[in-house]
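# Results of the structural survey
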Amino acid sequence: MPKISLKGQQMPESPIRKLVPFAEDAKERGVNVYHLNIGQPDIETPEAALKAVKENDISVLSYARSEGSEAYRKKLSTYYRQNNIDVTEKDIVVTTGGSEALLFTLGSITDFGDEIIIPEPFYANYNGFSVANGVKVVPIVSSIENDFALPAIEDFENLITDKTRAILICNPGNPTGYLYSKEELEKLRDLAIKHDLFLVADEVYREFVYEGIRHHSIMSLSGLDQHAIIIDSVSKRYSMCGARIGCIVSKNQSLIQTVLKYAQARLSSPTYALLASEAALETPPEYFSKVIEEYDARRMLLINELSKIEGLKVSKPKGAFYCIAELPVKDADRFAQWMLEKFSDQNETVMVAPASGFYSTPGSGKNQIRIAYVLKQESLIRSVELLKLALEQYPN
């Protein structure tokens, strides 16, 4: 029988989605499942984006430009300048989601066997994207004890080798919700310049910051023009996960031209989704004010409720809409599966994402879960109640 590639065998399962079959089985048994496992916002998509698809007069659904239309990229550059990121449309390549942006970036800056340093826990697909490109992830561990703040810069420097090509961060963080300060980013900037590395920042949650703290982009820092790469997406910003439109932003034109070759090879992003994304840029500021207010309320409610559970430790996120909780169990993967297979209260249960899949270091995060607070407040209260009951009844 023909063999599957080593890369294919090494591709990790998604900790967010791998328990879906067990959730589906629970639903078939009539159990209501509260989904805390996936960052799918329940916020309504801006009406302008939906109208752009419903009310257009396209007669031939043709290819879009590989790099995205000039009109969309110009509007994007205006959006970025409003966020203290001084770029033009020539510094942007539109991609099919942030996922493709990451794939194209890694393909453009690394060769087989190269290394990329990432603070962990990190967005689980960074592992998958790295395997797909033959890249070795070099993790640097952050801790729940300080809400997953940036590790000491000396720890980063100790990991740099002649194969290191980049440092990758998510800011605000998925799965931790940590928001890097300007001082932390400046330390990373200095390190990237000193060792001639790329600094890649996944900034898809830029708008979602709390407690009056300001988000700082790596491209707002001086001296990083040839080193900084932003990964971005409309998915969370406008509650448009299904649109699958993202982009790569960099003032390094060699990088942009290389990325464009990848974009040309896949032809174009979906035309209707591009129309919706361009229209979404007209979303008024009050949309975000209401959304952030709602997420902030959910954040505080969730943290307060989780803190009442004996033996549970939870980080306090300052951005995005995730947090990491450390449970009084040995194996959160088994516990999460057990909740779907064996546990229910009043015919209800909860689905979480085991956090071990957000680490690269073997054995790390085994007693942790990631929670996405993308449900209405009453559902969050019930979800935490179910989690508490499950922990009390769990036989292991």
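Structure's up top.
### Re the packing of aromatic side chains
Within this structure, the stated rule accounts for 17 aromatic pairs. Considering the side-chain rings of F208 and Y295, the 5.5 Å spacing of their centres and the 85° angle between planes classify their relative orientation as edge-to-face. Here F208 is found in the loop between β6 (198-202) and β7 (228-233), whereas its partner Y295 is found in helix α11 (residues 285-306), with 87 residues between them in sequence. Like Y295, F208 is buried. Each residue in the set Y205, F208, Y295, F321 and Y322 is aromatic and connected to the rest through ring pairs, giving one cluster.

### Section: the pairing of strand β10 (residues 322-326)
Burial runs high along β10: five of the five residues are buried. Residues Y322, I324 and E326 point to one face of β10 and C323 and A325 to the other, with burial holding for every one of them. Alignment of strand β9 (residues 313-314) against β10, held across two bridges, turns out to be antiparallel. Looking across to β10, one finds that V314 is bridged to A325. Pairing analysis gives five bridges linking β10 to strand β13 (residues 368-372), with the strands arranged antiparallel. Each bridged residue has a counterpart across the sheet, and for I324 the counterpart in β13 is R370.

### Side note on the sheet that holds strand β4 (residues 136-141)
With mixed pairing, the seven strands of this open sheet are ordered in space as β2-β8-β7-β6-β5-β3-β4. Strands with a single pairing partner mark the edges of an open sheet, and in this sheet they are β2 (92-95) and β4. Taking each pair of neighbouring strands and ignoring which way they run, the sheet shows an average axis angle of 20°. The pairing of strand β3 (residues 115-120) with strand β5 (residues 164-170) spans three bridges and is classified as parallel. Looking at β5, one finds that I117 is bridged to I167. Sitting on the sheet, helix α4 (residues 70-82) is in contact with β2, β7 and β8 (246-249), with an inclination near 115° to β2.

### Focus on the packing of helix α5 (residues 97-109) against helix α6 (residues 125-132)
Between α5 and α6, the least distance of the axes is 9 Å, while the angle of their chain directions is 40°. One way to sum up the angle between α5 and α6 is to call them oblique. Our pair here, α5 against α6, has a crossing hand that is right-handed. Contact residues: S99, L102, L103 and L106 in α5; Y126, F129, S130 and A132 in α6. Looking at the contact of α5 with α6 residue by residue, the class counts come to six nonpolar, two polar and no charged.

### Points about the pattern of salt bridges
Taken as a whole and assessed by the stated rule, the structure comprises 29 salt bridges. Across the pair E392 and K388 runs a salt bridge whose closest N-O atoms are separated by 2.7 Å. One end of the pair, E392, and the other, K388, are both in helix α13 (residues 377-393), four residues apart, so they sit about a helical turn from each other. You can call K388 partly exposed: its relative accessible area is 36%.

### As for helix α10 (residues 271-280)
Count 3.6 residues to each turn of an α-helix, and residues three or four apart come out pointing the same way. Of all the 10 residues making up α10, eight are buried; the element is thus mostly covered by neighbouring parts of the structure. Within the sequence span of α10, burial applies to T271, A273, L274, A276, S277, E278, A279 and A280. Of the surrounding secondary structure, the elements contacted by the buried residues of α10 are α3 (47-54), α4 and β2.

### Some words on the environment of K376
Structurally, K376 is set in the loop between β13 and α13. For K376 and E294, which are 82 residues apart along the polypeptide, the C-alpha to C-alpha distance reads 8.9 Å. Excluding residues that lie within four positions of it along the chain, K376 makes contacts with D42 and R298.

### Section: the side chain of E184
Following the sequence through the fold, E184 ends up in helix α8 (residues 182-194). Side-chain polar atoms of E184 contact the side chain of Y178, separated by 2.9 Å. In contact with E184, other than residues within four places in its own chain, are A149, L150, Y178 and L179.

### Considerations on α4
Spanning 13 residues, α4 covers 18 Å between terminal C-alpha atoms, matching the ideal 18 Å at 1.5 Å per step. Burial in α4 covers these residues: Y72, R73, L76, S77, Y79 and Y80. With its buried residues spanning 160° around the axis, α4 presents them on a single face. Structurally, α4 contributes buried residues whose contacts are with β2, β7, β8 and α10. N84, located one to two residues past α4, shows a positive phi value of around 65°.

### Side note on the side chain of N252
Within the secondary structure, N252 is located in the loop between β8 and α9 (253-265). Relative accessible area serves as the criterion here: at 8%, N252 is assigned to the buried category. Polar side-chain contacts of N252 include one of 3.0 Å to the backbone nitrogen of L255. Filtering out sequence-adjacent residues up to four positions away, N252 remains in contact with F198, D225 and Q226.

### Some remarks on the nonpolar core
Counting 136 residues, the largest nonpolar core has I218, L306 and F335 as the members making the most contacts within it. It is α11 that provides the largest number of residues to this core, a total of eight residues. For I218, the residues in contact, after removing those within four places along its chain, are I169, L185, L199, V200, A201, E203, L224, A228, I229 and I230.

Cut-offs and rules
- All chains use their own residue numbering, which begins from 1 and follows the written sequence.
- With pLDDT at 70 or above as the cut-off, local features in this predicted model cover only qualifying residues; side-chain atom pairs require 80 or more to be listed or tallied, and sums for whole chains, interfaces and linings still use all residues.
- Working from all heavy atoms in the structure, the side-chain values ignore hydrogens and water.
- Any pair of Phe, Tyr and Trp rings, taking the six-membered ring for Trp, is counted once the centres come within 6.5 Å. Such a pair is stacked with planes under 30 degrees apart, edge-to-face with planes over 60 apart, and tilted for the rest.
- Helical segments are the DSSP runs of H or I of at least four residues, strand segments are the runs of E of at least two, and each set is numbered from the N terminus.
- Burial classification: accessible surface area is computed with a 1.4 Å probe over protein chains only, and a residue below 20% of its type maximum counts as buried, one above 50% as exposed, and the rest as partly exposed.
- For two strands to count as paired, DSSP must find a minimum of two bridges between them.
- Between N-to-C directions, angles span 0 to 180 degrees; the directions come from axes that are lines fitted to C-alpha atoms, helices contributing only their stretch in contact.
- Contacts: residue pairs with any heavy atoms within 4.5 Å of one another.
- The cut-offs work like this: below 35 degrees is roughly parallel, past 145 is roughly antiparallel, 65 to 115 is roughly perpendicular, and the gaps in between are oblique.
- With the far helix as reference, a near helix turned anticlockwise by less than a right angle produces a left-handed crossing, and one turned clockwise produces a right-handed crossing.
- Each residue is assigned to one class: nonpolar for Ala, Val, Leu, Ile, Met, Phe, Trp, Tyr, Cys and Pro, charged for Asp, Glu, Lys and Arg, and polar for all the others, Gly among them.
- Just to be clear on terms, a salt bridge is a Lys or Arg side-chain nitrogen sitting within 4 Å of an Asp or Glu carboxyl oxygen.
- Nitrogen and oxygen atoms within 3.5 Å of one another constitute a polar contact, given that in protein one can donate a hydrogen and the other can accept it, and given that sequence-neighbouring residues count only through two side-chain atoms.
- In this analysis, the expected span of each helix is defined as 1.5 Å times one less than the number of residues it contains.
- An arc is given here, and it is the one of the directions from the helix axis to the C-beta atoms.
- In this description, a nonpolar core means a group of buried Ala, Val, Leu, Ile, Met, Phe, Trp, Tyr and Cys residues linked to one another through side-chain atoms lying within 4.5 Å.

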